[in-house]
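Each chain, written out:
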Amino acid sequence: AYTHSSQGEIEQAILSFDAALNIDKDSKYSFGDRFHAKQCICDWSNFEQDLNWLNLKIKERKCAAVPLALCGFSDDPGTQKLGAELFVNDKYILKNPLGPISKYMKNKKIKIGYFSGDFGEHPVGYLVTELFEMHDKSKFELYAFSYSTQPDTKTSIRIKKSFDEFIDVSKNGDKQIALMAREKNIDIAIDLCGYTKNSRPPIFAMRAAPIQINFLGYPGTTGASYIDYNISDKFIIPTELLQYYSEKIIYLPKCYQPNEVKIIPGTKVFSKKSEGLPDSGFVFCCFNNSWKITPQIFKLWIRLLSSVEGSVLWFPGFPSLTIKNLKSECAKLGMDENRLIFSSTEIHREDHHKKIGLADIFLDCFPYGAQSTASDFLRAGIPVVTLRGRSFSNRVASSLLINFNLDELITTTEIDYENLAIKLANNPQYFNEIKTKLILNVKKSSVFNIKEYTKSIESGYTKAYQRYHDNLDPDNIEAL
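The structure contained in this document is the topic of the report that follows. What you see is a predicted model, and the numbers here were worked out from it, not measured in a lab.

When you go through the protein chain residue by residue, the secondary structure sums to 17 helices and 14 strands. Here the C-alpha radius of gyration of the protein chain, 22 Å, is about what a compact globule of 480 residues would show, namely 23 Å. Reported as C-alpha extents along the three principal axes, the dimensions of the protein chain are approximately 65 × 50 × 45 Å. Counting every position in the protein chain, which comprises 480 residues, the buried fraction comes to 61%. When the accessible surface of the protein chain is split by element, carbon and sulfur atoms take 50% of a total near 19,700 Å². Separation of charge centres in the protein chain, based on 59 positive and 57 negative side chains, amounts to 3 Å.

What follows is the structure, encoded as structure tokens:
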């Protein structure tokens, strides 16, 4: 069945798939894990048959894939919600060995607990560092519950300084952590992992706090009855899509994604020559994770190369097996595999930010789109062309573009996506207009105003807290 990869290579790829860790290869999720592992290395043999089988199992209400994998295959929010509900009811159903949580007294300061295994060199860690630093300590008392087993880094050391109490719980059991949160009377527990690597859902299934929120790490619905709120914005979850979320939504007024005020590029020197890019050809790029690339979107990209003479498609440093498979697919579609350029991955984030400025436009994936990667490229002045669907993980790039007043870079059909990319590549005047507009709007946009963002999310926390003390059930909240 694996035309491009040996069975051993597939097994190895499974081990590298974050969401599949700790899941037995003989479990009911093994098919979904195997399918996603093939996706990680861009082995698309039997892709359509596998996808149809997976969708059928979900419709039959059978556990077949972990939620993160399902988000990579489907843009249908109904399928994603059902898949999440099946998963959580199978593995992380509401359990209360600690008993029901008692009603807390109202505090002068709201006690916020952030729970994560990513307080370090990780996209989530980068996005939340300044948020933690900007929190109003006169109104909020901050606690971090860290599952990370990684040594301290520049980012983690900076994060630690922001909290009233930073607690290493990497060696504690889930029940111990939930009990610890209760003993500290944490008012609001915020899960920054969801169903990603290092996540600890059982903590929330035991009710670590009276108010529990999913935020940032997992862009979708948890399907869990014990997660009260999800943080988003109306560009990502408009009213017509609310039915596909088990949580109530705390709506932020602008983009839901926090971002640093400024990133200083590194000192390393990059050139088109150093990255193997042509001096004059148009540079399409996609620096998303390889598992986000589907055969459908890849075929579209190859059509772009056919339509734009001398253009190339630039990727980050993928593993050799992934590169081999993408080149093979490229050749199968009748395109010279040398039109695909693969660069090394930069160790230092500042160098990465400087390097990506060599691209002309960023091509978003579908159905799982760019998020922190999209904001990185937009900050660097690189236009992002996205195909907007209906799922949370797909619509983050659209939210960023709307907030930059660049709706013209959002498409809703494959043909519009293709035509827009071709227009940008073949019409220098239009391309320069868009790029100039982007650079100007980035400078004046509040997307990178973390002070304003922090006030908004704090107003959401405060409203949720007030509802709790007014003895009201969670409901959708509009933050200020």
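Right, picking up where we left off after that structure.
Okay, the nonpolar core next. Within the largest apolar cluster, 160 residues are counted, with the highest numbers of intra-cluster contacts made by Tyr114, Phe215, Phe284 and Trp301. When near neighbours in sequence (up to four residues on either side) are disregarded, Phe284 contacts Leu304, Leu305, Val308, Ser311, Val312, Leu313, Trp314, Ile361, Leu363, Ala421 and Ala425.

Moving on, we get to the pairing of strand 3 (residues 165-168). Note: strand 2 (residues 140-146) against strand 3, 4 bridges, orientation parallel. Bridge assignment links Ala144 to a residue of strand 3, and that residue is Phe166.

Attention now moves to the sheet that holds strand 12 (residues 384-387). Backbone hydrogen bonds hold the strands of a sheet together, and the pairing may be parallel or antiparallel. Spatially, the 6 strands line up as an open sheet ordered 10-9-8-11-12-13, and their pairing is parallel. Strands at the two margins of the open sheet, each flanked by one partner only, are strand 10 (340-342) and strand 13 (410-411). Bridge analysis of strand 9 (residues 312-315) against strand 10 gives 3 bridges, and the strand direction is parallel. Looking at the pairing, Phe315 lines up with Phe342 of strand 10. Lying on the sheet, helix 10 (residues 295-307) is in contact with strand 8 (283-285), strand 9, strand 10 and strand 11 (361-363); it crosses strand 9 at an angle near 135°.

Pairing is parallel across the open sheet formed by 8 strands, whose spatial order is 3-2-1-4-5-6-7-14. Looking along the sheet, the strands with just one partner apiece sit at the ends: strand 3 and strand 14 (477-478).

Here Ser148 shows up in the loop between strand 2 and helix 7 (154-160). Residue classification places Ser148 among the buried residues on the basis of a relative accessible area of 17%. Polar side-chain contacts of Ser148 include one of 3.1 Å to the backbone nitrogen of Gln150. Filtering out sequence-adjacent residues up to four positions away, Ser148 remains in contact with Ser116, Gly117, Asp168 and Ser170.

Such a bond, covalent and formed between the sulfur atoms of two cysteines, is termed a disulfide. Taken as a whole and judged by the stated rule, the model has 0 disulfides. No disulfide involves Cys286; its nearest neighbouring cysteine sulfur is the one of Cys365, lying 3.6 Å away. Taking the relative accessible area as the measure of exposure, Cys286 reaches 0% and is therefore buried.

Considering all chains together, one arrives at 33 aromatic pairs under this definition. Measuring from ring centre to ring centre gives 4.1 Å for Phe35 and Phe73, while their planes differ by 10°; the resulting arrangement is stacked. On the criterion of sequence distance, the pair formed by Phe35 in helix 2 (residues 30-40) and Phe73 in helix 4 (residues 67-73) is long-range, its members being 38 residues apart. Each member of the pair Phe35 and Phe73 is classed as buried. The positively charged end of Arg200 is found above the aromatic ring belonging to Tyr147, 5.3 Å away from the centroid.

The next thing to look at is the pattern of salt bridges. In the structure shown here, the tally under the stated rule is 22 salt bridges. Put simply, Lys81 and Glu85 hold a salt bridge, and the shortest N to O gap is 4.0 Å. You can see Lys81 and its partner Glu85 sitting in helix 5 (residues 77-91), 4 residues apart, about one turn around the helix. Exposure remark for Glu85: the relative accessible area of 22% places this residue in the partly exposed category. Where Glu165 meets Lys184, a salt bridge forms, and the shortest distance between an N and an O atom there is 3.0 Å. With Glu165 in strand 3 and Lys184 in the loop between helix 8 (174-183) and strand 4 (188-191), this pair connects stretches of sequence that are 19 residues apart.

Another point: helix 17 (residues 450-469). With 20 residues, helix 17 ought to run about 28 Å at 1.5 Å a step, and its terminal C-alpha atoms sit 28 Å apart, in line with that. Phi turns positive one or two residues past the end of helix 17, at Asn471, with a value near 60°.

Criteria and thresholds
- Residues numbered from 1 in each chain as written.
- Predicted model: local features only at pLDDT ≥ 70, side-chain atom pairs only at ≥ 80, totals over all residues.
- Heavy atoms only, no water.
- Helix = DSSP H or I, 4+ residues; strand = E, 2+ residues; numbered from the N terminus.
- Rg over C-alpha atoms; globule rule 2.2 N^0.38 Å.
- Buried < 20%, exposed > 50% of the residue type's maximum accessible area, 1.4 Å probe, protein only.
- Areas by Shrake-Rupley, 256 points an atom, 1.4 Å probe, with all protein chains shown as cover.
- Lys, Arg positive; Asp, Glu negative; His and termini not counted.
- Charge placed at Lys NZ, Arg CZ, Asp CG, Glu CD.
- Core = buried A, V, L, I, M, F, W, Y, C linked by side-chain atoms within 4.5 Å.
- Contact = heavy atoms within 4.5 Å.
- Pairing = 2+ DSSP bridges.
- Axes fitted to C-alpha atoms, helices over the stretch in contact; angles between N-to-C directions.
- Polar contact = N/O pair within 3.5 Å; in protein donor to acceptor, adjacent residues only side chain to side chain.
- Disulfide = S-S within 2.5 Å.
- Phe/Tyr/Trp six-rings, centres within 6.5 Å; stacked < 30°, edge-to-face > 60°.
- Lys NZ or Arg CZ within 6 Å of the ring centre and 35° of its normal.
- Salt bridge = Lys/Arg side-chain N within 4 Å of Asp/Glu carboxyl O.
- Expected span 1.5 Å × (residues − 1).

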